[in-house]
Amino acid sequence: MSEVLNYIWLGVLAVFTGPDLFSLFGIGIPVAPIMVLGGLLTGIAVGATPGLAGPMAMAISLPILISIFGFTPDALLPVFGFLIGIMKGATVGGAVPAILFNMPGTPDALMTTLDGYPMAQSGQPRRALRIAQLSSVTGDTFSDIVLFVCAPFLAVVVEAYLDLPEKTALLILSITFIAAVMGSSVGKGLLAVGLGLLASFVGTGQSLTPRLTFGVPELSGGFPLVAAILGVLIVGEIFKGIEDLVRGGNSGRKGAQTLAEGVKDRLQPGDIRRIAPYVGRSALIGTIIGALPGVGSTLAATLGYSYATRRHKARKQPEDTAFGAGAPEGIAATEAANSAVSGANLIPVLSLGIPGNAAAVFLILAADSIGGFNPGPAVFRFTTPEVNPELVIAFGIFTLMSIGNLLNWLIGGSFMRSMGVLARIPQHILLPVVLLITLTAIYVQETSLFALWVTFGFGILGYLFRRSDIPVLPFVIAFILAQPLEQTAREAFAATGANPWFLFSSVTSAVFMLASLAAVVLLGRNRM
Amino acid sequence: MHRNTADLALGLCVVVLALLAIFAWVPNDTATGIIQKIRGRQSIGDAMAPTLAALLIGLSGLLITLESRRKSAQEGPHVSLFNLGFLAILTGIFLASVLLMRWSGPLLVGLFGPEGAVYRDLRDTMPWKLSGFVIGGTFLVGGLISLMQRRVSWTAVCVGLLTAGLLIAVFDLPFSDILLPPNGDL
């Protein structure tokens, strides 16, 4: 136990005794907490701007952060701090345009419009925003606590009980599960996974001749990771948005809901007591959903809202506002559920190295670009007396997340109330600007026009995925996990004496493989 | 029986492409087979993982074909001729932007630069080093805004210039070791 406490303390120290950003009255101000603050404010602004999203801001920030902090282990915590700040801020910020303009800033804030906008229309936008912020931060904090407890525990169990065949089977189960639960059909989910795996195998392999390159020398090192991921995830979304506007979609913003003056527009007595049970229940739902890789915050928000509607109907007093007409419980249930996803989403990343959502993808990209930290079960090795630096970073990340929550509690509310103006930026200006920023950010990292063509190509692929209703995230996750999967399988095959049935050589790996099959068959049958 | 023709076509195309990958692409573009034997020990070859991925793609194609039987013809989004036309225009704008980025610097140096100088010698010198990025970047942003507004406007050009200027301020001014496009290639 003492070694655990020692590592927690080292993680806290790593954050607060890292490089100083500046000195105030002779006291050095450490850079990592300031980066969390910067990321949080950026994230709230991005979340409050419809058409932008947390992953976009993370994509653009990453090369800038790496340029500033370099490729040394000292860079890890400041860079993670900023990215974690964006992740937390964007979740809160998405509620701003949903409440003020009936326009969700992020897809998971869609349900927030149902009660948030009517409350704002009735002259209480500040009250609606405050309820959203309190519920969101509570859900997020609860989810982070579950992460802090579960991730190390899960990683220790995985490292202690799973050998190479079981780890291979676990990776297959994760990828299959993501394919089965995301998108409109299992077939399309599996197609995304298959293409992601195949794209990742280009230019790699163990022989001296790189495979699957069509003889193109630029592909001998494979597709640049950043270019491929940002292409599918960000550029594809931009292309779709541009086409929607070319078709004559709504590029402008709806009539502004200005903050009403002179109305009793703040938290009212009894509000906290009224929303508390809804926040608690939704935080639990969001955390459970978030711990499953690939299951998004939109589902969590929908489930949270549905359960809240049922509870509200059963216990409604005559004077209570109905759901859909500006009920504070409706805002609270949605915001707590969608925010509780973000912390729990990091459980599979930190404990297994398996990214479950787009934000986790960018944390892995940052770790991969900087080096010195490989998310996965090996991180949580409590070695003594020699210190495991990766474990110190992991507890540093937990410290940064706690700082993010604290800042969100203290200043998130007032900052988000001032962000309503961002919802008025027209999308026909925003999208091309974000495209140029993304392409420049990729070039700065890869310094090759070929990387821009790769980004464009993967952007077209992402666009076609979206137009054909093929989910994008399974492609990205398969692309990231393809090489660890192949490497683990090669080692497992060799370690079991070239046993072709190595995936069924133990009960655990056989169970994982059967669970993969069950995910495809059962989840597929439900949707056919 | 209802059938979604778009999904059916997608499923069949995917199956054909998977078969091509399994029987033509992977065997001809990998140096080792599915299993290789080195000094009497068997190990997984470079063709194993791509073949399994292609098999998975083929299986997904079959599933999509089966799923298409349960959907109505109108159900779900699909790629239309309008989408393909949009992609053609988008590709044109992107191609022109990259070409402008790549060649306007050398062209300007050739026309107005010091005598005998080539772009490579001046790629660290103002204003030459930023010329390609500003012209290509402005064209990309301005072109896309004009496409969405269906008219060319000075606002679109100004937004493009401002974006390029902002990126220069973020990347080029504070960091001497960062190269903006296309200077890493020249």
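Residues numbered from 1 in each chain as written. Chains lettered and ligands numbered in written order. Predicted model: local features only at pLDDT ≥ 70, side-chain atom pairs only at ≥ 80, totals over all residues. Heavy atoms only, no water.

1. Structural notes on the overall build of chain A
Under the convention used in this document: Strands are runs of DSSP state E lasting at least two residues, helices are runs of H or I lasting at least four, and both sets are numbered from the N terminus onward. For the radius of gyration, the atom set is restricted to C-alpha positions; the globular benchmark scales as 2.2 Å times the number of residues to the power 0.38. Whether a residue is buried, partly exposed or exposed follows from its accessible area with a 1.4 Å probe, protein chains only, as a fraction of its type maximum: under 20%, in between, or over 50%, in that order. Note on charges: Lys and Arg go in the positive column, Asp and Glu in the negative column, and His and the chain ends are not counted at all. Taken as the charge centre is NZ of Lys, CZ of Arg, CG of Asp or CD of Glu, depending on the residue.
For chain A, the count of helices and strands is 20 helices and 2 strands. By the compact-globule yardstick of 24 Å for 528 residues, chain A fits well, its C-alpha radius of gyration being 23 Å. For chain A, the C-alpha atoms occupy an extent of roughly 75 × 60 × 50 Å along the three principal directions. Out of the 528 residues in chain A, the part that is buried amounts to 61%. One finds the centroid of the 29 positive side-chain charges in chain A at a distance of 13 Å from the centroid of its 28 negative side-chain charges.

2. A look at the overall build of chain B
Spelled out, the test is: Throughout, a contact is declared for two residues whenever any of their heavy atoms are within 4.5 Å. The Shrake-Rupley method, run with a 1.4 Å probe sphere, supplies the accessible areas, and residue values consider only the shown protein chains as cover.
Of the regular secondary structure elements, chain B holds 6 helices and 2 strands. Reading chain B from its N terminus to its C terminus gives the helix and strand order α-β-β-α-α-α-α-α. In terms of overall dimensions, chain B is more spread out than a globule: its C-alpha atoms have a radius of gyration of 25 Å, far above the 16 Å expected for 186 residues. C-alpha extents for chain B along the principal axes are approximately 65 × 60 × 30 Å. With 186 residues in all, chain B has 45% of them scored as buried. Considering only contacts in chain B between residues 6 or more positions apart, those separated by 24 or more positions represent 60%. A total accessible area of about 10,000 Å² is found for chain B, and carbon and sulfur atoms account for 68% of it. Charged side chains in chain B number 13 positive and 11 negative. The centres of these two groups are separated by 11 Å.

3. A word on the interface of chain A and chain B
Rules: Each of two parts loses accessible area, computed with a 1.4 Å probe, when they are put together; buried area is these two losses added. Salt bridge, as applied in this entry: a Lys or Arg side-chain nitrogen positioned within 4 Å of an Asp or Glu carboxyl oxygen. Any pair of N or O atoms that falls within 3.5 Å is considered a polar contact. Within protein, one atom must be able to donate a hydrogen and the other to accept it, and sequence-neighbouring residues count only if both atoms are side-chain atoms.
Listed as interface residues are 64 residues of chain A and, on the opposing side, 68 residues of chain B. With both sides pooled, the region where chain A packs onto chain B buries about 6,000 Å², and carbon together with sulfur makes up 78% of that total. Linking chain A with chain B are 2 salt bridges. Across the pair B:Asp7 and A:Lys188 runs a salt bridge, and its minimum N-O distance is 3.0 Å. Our count for the contact surface shared by chain A and chain B stands at 20 residue pairs in polar contact (both at pLDDT 80 or more).

4. Quick notes on the nonpolar core
Heads up, the condition is: Definition of nonpolar core: a set of buried residues of the types Ala, Val, Leu, Ile, Met, Phe, Trp, Tyr and Cys, connected through side-chain atoms within 4.5 Å. All domain edges in this entry derive from an automatic or database-based domain assignment.
In this structure, A:Phe80 and A:Phe373 are the most contacted members of the largest nonpolar core, which totals 187 residues. Among the elements that make up this core, the one with the highest residue count is helix 10 (residues 225-246) of chain A (14 residues). Domain assignment of the residues forming this core places at least three in each of domain 1 (5-68) and domain 2 (81-172) of chain B. Setting aside residues up to four positions removed in sequence, A:Phe80 forms contacts with A:Leu363, A:Ala366, A:Ala367, A:Phe373, A:Ile393, A:Ile397 and A:Leu400. If you look at the next biggest cluster of nonpolar residues, it comprises 15 residues, including A:Val158, A:Leu162, A:Ala169 and B:Met48.

5. As for the packing of helix 8 (residues 164-181) of chain A against helix 19 (residues 473-495) of chain A
All names here are of chain A. As a reminder of what qualifies: Only the contacting stretch of a helix is used when fitting its axis, a line to C-alpha atoms as for every element, and angles between N-to-C directions run 0 to 180 degrees. Just so you know how the angles are binned, under 35 degrees is roughly parallel, over 145 roughly antiparallel, 65 to 115 roughly perpendicular, and the rest oblique. Put simply, a crossing is left-handed when the front helix is turned counterclockwise from the back one by less than a right angle, and right-handed when it is turned clockwise. Put simply, Ala, Val, Leu, Ile, Met, Phe, Trp, Tyr, Cys and Pro go in the nonpolar bin, Asp, Glu, Lys and Arg in the charged bin, and everything else, Gly too, in the polar bin.
Two elements in contact, helix 8 and helix 19, have axes whose closest approach is 8 Å; the angle formed by their N-to-C orientations is 160°. Between helix 8 and helix 19, the angle is such that the two are roughly antiparallel. In this structure, helix 8 crosses over helix 19, and the sense of that crossing is left-handed. Between helix 8 and helix 19, the residues in contact are Leu164, Pro165, Lys167, Thr168, Leu171, Ile172, Ile175 and Ile178 and Pro474, Ile477, Leu481, Pro484, Leu485, Thr488, Ala489, Glu491, Ala492 and Ala495, respectively. When grouped by side-chain class, the residues that make up the contact of helix 8 with helix 19 number 14 nonpolar, 2 polar and 2 charged.

6. Describing the pattern of salt bridges
Residues and elements named next belong to chain A. Applying the stated criterion to the full structure yields 15 salt bridges over all chains. Lys88 is paired through a salt bridge with Asp144; the nearest N and O atoms lie 2.6 Å apart. Pair noted here: Lys88 is in helix 4 (residues 76-93) and Asp144 is in helix 7 (residues 125-161), with a separation of 56 residues, a long-range link. There is no split in this pair, since Lys88 and Asp144 are both buried.

7. What about the confidence of the model for chain B?
Here is the rule: pLDDT measures the predictor's confidence residue by residue and takes values from 0 up to 100.
With 95% of its residues at a pLDDT of 70 or more, chain B has an overall mean of 88. Within chain B, the element-level pLDDT minimum falls on helix 4 (residues 119-122) of chain B, averaging 83, and the maximum on helix 5 (residues 128-149) of chain B, averaging 94.

8. Notes on helix 13 (residues 328-344) of chain A
Here is the rule we go by: Helix span, as expected, comes to 1.5 Å for every residue beyond the first.
A rise of 1.5 Å per residue sets the reference length of helix 13 of chain A, with its 17 residues, at 24 Å; its end C-alpha atoms lie 25 Å apart and thus fit the reference within 8%. Of all 17 residues in helix 13 of chain A, 17 are buried; the element is thus mostly enclosed.

9. Observations concerning the packing of aromatic side chains
What counts here: What counts as a ring pair is set by centres within 6.5 Å for rings of Phe, Tyr and Trp (its six-membered ring), and what kind of pair is set by the plane angle: stacked under 30 degrees, edge-to-face over 60, tilted for all other angles. In this scheme, Lys NZ or Arg CZ marks a charge over a ring once it lies within 6 Å of the ring centre and within 35 degrees of the ring normal.
Counted according to the given criterion, the structure contains 20 aromatic pairs over all chains. Each member of the aromatic cluster is reached from another via a ring pair, and the members are A:Tyr7, A:Phe148, A:Phe382, A:Phe395 and A:Phe398. Of note, A:Arg311 hangs over the ring of A:Tyr278, and the distance from its end group to the ring centre comes to 5.2 Å. One cation-aromatic arrangement involves B:Arg102 over B:Trp103; the distance from NZ or CZ to the ring centre is 4.0 Å.

10. Digging into the domain arrangement of chain B
By the assigned domains, chain B splits into domain 1 (5-68) and domain 2 (81-172). Here domain 1 of chain B and domain 2 of chain B have C-alpha centroids that lie 41 Å from each other.

11. Topic: the pairing of strand 1 (residues 35-38) of chain B
All names here are of chain B. Our working rule: Note: two strands are recorded as paired if DSSP finds a minimum of 2 bridges between them.
By the bridge criterion, 4 bridges tie strand 1 to strand 2 (residues 41-44) in an arrangement that is antiparallel. Bridge pairing in strand 2 places Gln36 opposite Ser43. Where strand 1 folds back onto strand 2 in an antiparallel hairpin, the turn is made up of 2 residues, including Arg39, whose phi is positive at roughly 50°.

12. With respect to the environment of A:Leu522
Residues and elements named next belong to chain A. Along the polypeptide, Leu522 turns up in helix 20 (residues 507-527). For Leu522, a relative accessible area of 44% translates into the label partly exposed. Leu522 sits 342 residues away from Ala180 along the chain, and the two C-alpha atoms are 9.0 Å apart.

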